[in-house]
Amino acid sequence: ELYKKLRFIQNGAGAVPSPFDCFLAHRGLKTLHIRMEASARNAMAIALFLEHHDAVSKVLYPGLPSHPQHDLAKAQQHGFGAMITFYCIGGRHESALFLQNLKIFALAESLGAIESLAESPSLMTHASVPDEQRRLLGIDDSLVRLSVGIETCRDLINDLDHALNVVMKSVQELNGERKL
């Protein structure tokens, strides 16, 4: 009876993976825990790095004691994941400049892969949302989201440091001409 119900839903919804898709999913599950541990370890190191960089005004990562729900995350989770949100100094121009100067982090709207990805919601996923509504949602023009992958952590930090230093230099050159 259950088979018939599932078969009907699969047939109607088209949710029938091929045998090869099933093989790939099964194969990927075998190493998921190792990949998650590696990306979470990288994310913690990157969050600590970002928290002390002059071109970053705020970092949101549940693994940091500065996160408002750090204690809750520590009590409920095994690890803190690989997603980091931070606020770049400046605004939309500086966020775009940051993204343009990344070499290892790929620009992507869909986050969550083994490679490191970056996005600015005000420039990408929420660009069509009116400014006032974005502000109400807490989506600032300086907000950047990172999905940290399993690459060598030092390479990732060097990539972020380079891009953030370009932002710092740009802000210093503006010398107060643009409101930050």
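Residues numbered from 1 in each chain as written. Predicted model: local features only at pLDDT ≥ 70, side-chain atom pairs only at ≥ 80, totals over all residues. Heavy atoms only, no water.

1. Details of the pattern of salt bridges
Then comes step 1: Taken as a whole and judged by the stated rule, the model has 5 salt bridges.
Then comes step 2: Three or more residues are tied together by salt bridges with common partners; here these are Arg92, Asp131, Arg134 and Asp141. (Salt bridge = Lys/Arg side-chain N within 4 Å of Asp/Glu carboxyl O.)

2. Some points on the environment of Phe80
Then comes step 1: Inspection of the secondary structure assignment puts Phe80 in the loop between helix 4 (70–76) and strand 2 (83–88).
Then comes step 2: Measuring from C-alpha to C-alpha, the distance between Phe80 and Met44 comes to 7.9 Å, with 36 residues separating the pair along the chain.
Then comes step 3: Leave out the neighbours within four places in its chain, and Phe80 touches Met44, Tyr61, Pro62, Gly63, His70, Ala73 and Lys74. (Helix = DSSP H or I, 4+ residues; strand = E, 2+ residues; numbered from the N terminus. Contact = heavy atoms within 4.5 Å.)

3. Remarks on the layout of surface pockets
Then comes step 1: In this structure, the largest pocket occupies an estimated 170 Å³ of space.
Then comes step 2: Taken together, His33, Met36, Glu37, Ala40, Arg41, Met44, Tyr61, His78, Gly79, Phe80 and Gly81 make up the lining of the largest pocket.
Then comes step 3: A breakdown of the residues in the lining of the largest pocket according to their chemical character gives 5 nonpolar, 4 polar and 2 charged. (1 Å grid on protein atoms, 1.4 Å probe; cavity = no way out; pocket = protein on both sides within 12 Å on 5 of 7 lines; lining within 4 Å. Points joined across faces, edges and corners; volume = space filled by probe spheres on them. Nonpolar A, V, L, I, M, F, W, Y, C, P; charged D, E, K, R; others polar.)

4. A short note on a nonpolar patch on the surface
Then comes step 1: Taken together, the side chains of Phe20, Phe23 and Leu24 make up a nonpolar region of the molecular surface, amounting to roughly 300 Å² of accessible area.
Then comes step 2: Mapped onto the elements, Leu24 comes out in helix 2 (residues 19–30).
Then comes step 3: According to the relative accessible area criterion, Leu24 is partly exposed, its value standing at 33%. (Patch = residues over 30% accessible without salt bridge, like charges linked within 9 Å, V, L, I, M, F, W, Y side chains within 5 Å. Areas by Shrake-Rupley, 256 points an atom, 1.4 Å probe, with all protein chains shown as cover. Buried < 20%, exposed > 50% of the residue type's maximum accessible area, 1.4 Å probe, protein only.)

5. Observations regarding the nonpolar core
Then comes step 1: With 36 residues, the main nonpolar core has Ile46, Leu50, Ile84, Phe86, Phe98 and Leu146 as its most contacted residues.
Then comes step 2: Secondary structure elements with two or more residues in this core: helix 3 (32–51), strand 1 (56–60), strand 2, helix 5 (92–100), strand 5 (143–147) and helix 7 (153–174).
Then comes step 3: Considering every element that reaches this core, the biggest residue donor is helix 7, with 9 residues.
Then comes step 4: For Leu50, the residues in contact, after removing those within four places along its chain, are Val56, Val59, Ile84, Phe86, Leu146 and Leu164. (Core = buried A, V, L, I, M, F, W, Y, C linked by side-chain atoms within 4.5 Å.)

6. Description of the sheet that holds strand 1
Note: strands within a sheet are paired through backbone hydrogen bonds, in either parallel or antiparallel orientation.
Then comes step 1: In spatial order, the strands read 1-2-5-4-3; together these 5 strands make up an open sheet with mixed pairing. With partners counted over all chains shown, the strands left at the sheet margins are strand 1 and strand 3 (106–107), one partner each. (Pairing = 2+ DSSP bridges.)

Fair warning: the whole summary comes from geometry, so function is off the table for now.
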